[in-house]
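The primary structure of each chain is shown beneath.
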Amino acid sequence: MELGTGRQERRGRSVQPYASNPAESRGRRFVEEESVFRSCYQRDRDRIIHASAFRRLKHKTQVFIEHEGDYFRTRLTHSIEVAQVARTIAGALGLNQELTEALALAHDLGHPPFGHTGEDALALLMAPYGGFDHNAQAIRIVTTLERHYADFDGLNLTWETLEGLAKHNGPVARPFPWALAACNAEIDLELETYSSAEAQVAALADDIAYNHHDLHDGLRAELFSTDELAELPILDRCFAEVDQRYPDLNYYRRRHEALRRFFGVLVEDVIAVAQSRLEILAPRSVADIRHATHAVVQFSPDVFEQLQDIRAFLFTRMYRAPTVIEMRKQVTAVIEDLFPFLLANPDKLPKQWRKDVEAAQDETALARIVSDYISGMTDRFALQCHRDWVLGAQAAE
C-alpha cells in the first residue's frame, strides 16, 4: 500500500543531505492535511506524547518494579532521558531532531508490565500463537491499538517514524515477528535494510541512557558500592578526574560527578565515531544510509568492549541480584496466571475490547487480544487484576 503524502511540508529542512527531510517524507497511511505550524515529524512526536500507551510508561518497570521506590527510573523517565541524549547527538550530526526525538520517545511503547521479565513471560505464553516482541508490539500500538481518532486506528505516523520503530536496532531478520509482519504486509518498511541515521541515533541513545541510569539506580538500591563502581573501566578514569578536581567532595556528589562524566564519554564517543563513518561513507541521501553495509552510528571498538565489562557487572550485581530475582519470580507468576484466566474469561476485558473478542475467529486471534490487553497494563494494574481476579477466584473456591 502506498502512503498518502497530503500537503507537502516545506519547513524544517535538516542540515545534512543524509538527514531525514520532512518535505520528502513518504507520507502517512491515511492522507491528512498536514499542520500549518509543525513539520510532519514534530506532529508524530506530539501524537506519541499524547498517546495512552506513552502515559502508561509512567507506571511500568525499567529494572525495579514501579512501586518499589519513587526515585528509581520507570519506562517513562527512561524514555525522556533517551530523547534528551538522542536530540543532542542528532544535533551534533546535523540530523532531524524532531524525528529522532519521536523515535526515542516511542521506542519502549510496546513493553509489557514488569520490564523484560514481563516480556519473557508473555513471549513464552504467546509462543503457540505467533510470539510476542516488544518492538513489534510498539508498531502494533501506533498502527492499531491506539483508537482515539475519527478517521483511523493508531496514530497514523509517517513512514519514516514507523520504519525507525521497526528497525532502529538494525535490519530485521526473517521470519518477522507477527505484529511487525502484519504491518509490513500493508506498508513496506524495507525491513532488511538499515534504518535512517535518526533511528540509529535513538538506538544508541537508549544504550547510553540505560548504562548510565542503571548504575545510578543500582547504587541507590545499595546493590553495589561506589568503590566497586570506581574500579570499572571508563568509570575508573571518571572517578580519578573528579577526585583530582574535587578532593574533599562528599560521596553523593562524587558519584554523581563521576557518572555524569561517564555519560559524557559515551555521548562524545558515539558522535566522534559517527562523524568519522559519515565522512568515509560520504552519503548524499537517506537512501545511502539505509543501503550502507554497516550502521553509521556506533560506539568505538574500545568503548564497546569496556561497556561489555560494565554490562557484565550490572548483570551479575543488579539484574540477577537475589532481591531482583525474587521479584522476577513473583511478577512472572502474575503474567502466567493472568493470561490463561483472561483466555478463559474474555468477558473480564473492558467494554471497548468486546467487539474485538466477538470478531475473534479462533484461539490464536483471542490470545492476541489477551496479549494486547496484558501488555498494555501498568505494573500496579497487573498486580491489582491478579489480586482481584485470580486470587479472588481461588479464594472463592
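Because the structure is predicted, anything quoted here is derived from the model rather than measured.

1. Considerations on the overall build of the protein chain
Each helix and strand counted, the protein chain has 18 helices and zero strands in total. Against the compact-globule benchmark of 21 Å for 397 residues, the protein chain has a radius of gyration of 22 Å, which places it among compact chains. Taken along the three principal axes of its C-alpha coordinates, the protein chain extends 65 × 55 × 35 Å. Counting every position in the protein chain, which comprises 397 residues, the buried fraction comes to 56%. Sequence separation of 24 or more characterises 70% of the internal contacts of the protein chain that already satisfy a separation of 6 or more.

2. Re the environment of Phe72
Looking at the secondary structure, you find Phe72 in the loop between helix H2 (52-56) and helix H3 (75-93). Here the alpha-carbon distance between Phe72 and Gly218, two residues 146 residues apart in the chain, equals 9.0 Å.

3. Details of helix H9 (residues 197-220)
The end-to-end C-alpha separation of H9 is 35 Å, in line with the 34 Å expected for 24 residues at 1.5 Å each. Burial analysis of H9 places 21 of its 24 residues in the buried class, which makes it a mostly covered element.

4. Looking at the pattern of salt bridges
By the definition in use, this model includes 25 salt bridges. Between Asp356 and Arg147 there is a salt bridge whose closest N-O contact spans 2.7 Å. Here Asp356 is found in helix H16 (residues 354-359), whereas its partner Arg147 is found in the loop between helix H6 (134-145) and helix H7 (159-167), with 209 residues between them in sequence. Arg147 sits in the partly exposed class, given a relative accessible area of 39%. A salt bridge links Glu163 to Lys167; the nearest nitrogen and oxygen atoms lie 3.2 Å apart. With Glu163 and Lys167 both in helix H7, this residue pair falls four residues apart, about one helical turn. Classification of Glu163 as buried rests on a relative accessible area of 0%.

5. Thoughts on the nonpolar core
Judged by nonpolar contacts, the single largest core of 118 residues is most densely connected at Leu109 and Leu229. Once residues lying within four places of it in the same chain are set aside, the contact partners of Leu229 are Leu215, Leu219, Phe224, Leu235, Phe239, Leu259 and Phe313.

6. Observations concerning the environment of Arg29
Within the secondary structure layout, Arg29 lies in the segment before helix H1 (40-49). Each C-alpha atom, one on Arg29 and one on Asp108, is 22 Å from the other, the two residues being 79 residues apart in sequence.

7. Section: the packing of aromatic side chains
Inspection of the entire model under this criterion finds six aromatic pairs. Ring plane angle 75° and centroid distance 5.2 Å describe the contact between Trp353 and Tyr373, whose orientation is recorded as edge-to-face. A residue pair is termed long-range when its members are at least 10 positions apart, and Trp353 in the loop between helix H15 (322-344) and H16 and Tyr373 in helix H17 (residues 363-375) qualify at 20 residues. No difference in accessibility class separates Trp353 from Tyr373, as the two residues are buried. Taken together through their ring pairs, the aromatic side chains of Phe30, Tyr149 and Phe152 make up a single cluster.

8. Examining the side chain of Glu101
Within the secondary structure, Glu101 is located in helix H4 (residues 97-106). Glu101 gets classed as buried once you look at its relative accessible area, which sits at 15%. Residues in contact with Glu101, not counting those within four places in the same chain, are Arg45, Ala83 and Arg87.

9. A word on the confidence of the model for the protein chain
Per-chain confidence: the protein chain averages 93 in pLDDT, with 94% of residues scoring 70 or above. Contacts from residues 5-13, a stretch scored under 50 in pLDDT, to residues over four places away or in other chains number 29 contacts.

10. Things to note about the side chain of Asp108
Tracing the chain through its elements places Asp108 in the loop between H4 and helix H5 (115-126). Taking relative accessible area as the criterion, Asp108 reaches 3% and is therefore assigned buried.

11. Some thoughts on unusual backbone geometry
In this model, Arg174 is joined to Pro175 through a cis peptide bond whose omega is -5°. A positive phi angle is found at Asn156, which is not glycine, with a value near 55°. Here Asn156 is to be found in the loop between H6 and H7. Of note, the phi angle at Glu190 is positive, near 50°, even though the residue is not glycine. Relative to the helices and strands, Glu190 is located in the loop between helix H8 (178-186) and H9.

12. Quick notes on H1
An α-helical turn contains 3.6 residues, so any two residues separated by three or four positions project in the same direction. Taken across its ten residues, H1 has eight buried, putting it largely inside the fold. Within H1, burial applies to Cys40, Tyr41, Arg43, Asp44, Arg45, Asp46, Arg47 and Ile48. Buried residues along H1 sit against H2, H3, H4 and H7.

13. Comments concerning the environment of Ile280
Examined against the element boundaries, Ile280 turns out to sit in helix H12 (residues 251-281). Since its relative accessible area comes to 72%, Ile280 is described here as exposed. Considering only alpha carbons, one finds Ile280 and Val296, 16 residues apart in sequence, at a separation of 9.9 Å.

14. Here we look at the packing of helix H11 (residues 235-245) against H12
For any two helices packed against each other, one specifies the crossing angle of their axes together with the interaxial distance. Axis separation between H11 and H12 bottoms out at 8 Å; the angle between their running directions is 130°. If you check the angle between H11 and H12, you find them oblique. Relative to H12, the crossing made by H11 is right-handed. Side by side, H11 and H12 meet where Leu235, Cys238, Phe239, Glu241, Val242, Asp243 and Arg245 of the first sit next to Arg254, Arg255, Glu257, Ala258, Leu259, Arg261, Phe262 and Val265 of the second. Of the residues belonging to the contact of H11 with H12, the class tally is eight nonpolar, no polar and seven charged.

Criteria and thresholds
Residues numbered from 1 in each chain as written. Predicted model: local features only at pLDDT ≥ 70, side-chain atom pairs only at ≥ 80, totals over all residues. Heavy atoms only, no water. Helix = DSSP H or I, 4+ residues; strand = E, 2+ residues; numbered from the N terminus. Rg over C-alpha atoms; globule rule 2.2 N^0.38 Å. Buried < 20%, exposed > 50% of the residue type's maximum accessible area, 1.4 Å probe, protein only. Contact = heavy atoms within 4.5 Å. Expected span 1.5 Å × (residues − 1). Salt bridge = Lys/Arg side-chain N within 4 Å of Asp/Glu carboxyl O. Core = buried A, V, L, I, M, F, W, Y, C linked by side-chain atoms within 4.5 Å. Phe/Tyr/Trp six-rings, centres within 6.5 Å; stacked < 30°, edge-to-face > 60°. pLDDT = per-residue confidence, 0-100. Axes fitted to C-alpha atoms, helices over the stretch in contact; angles between N-to-C directions. Parallel < 35°, antiparallel > 145°, perpendicular 65-115°, else oblique. Left-handed = near helix turned anticlockwise from the far one by under 90°. Nonpolar A, V, L, I, M, F, W, Y, C, P; charged D, E, K, R; others polar.

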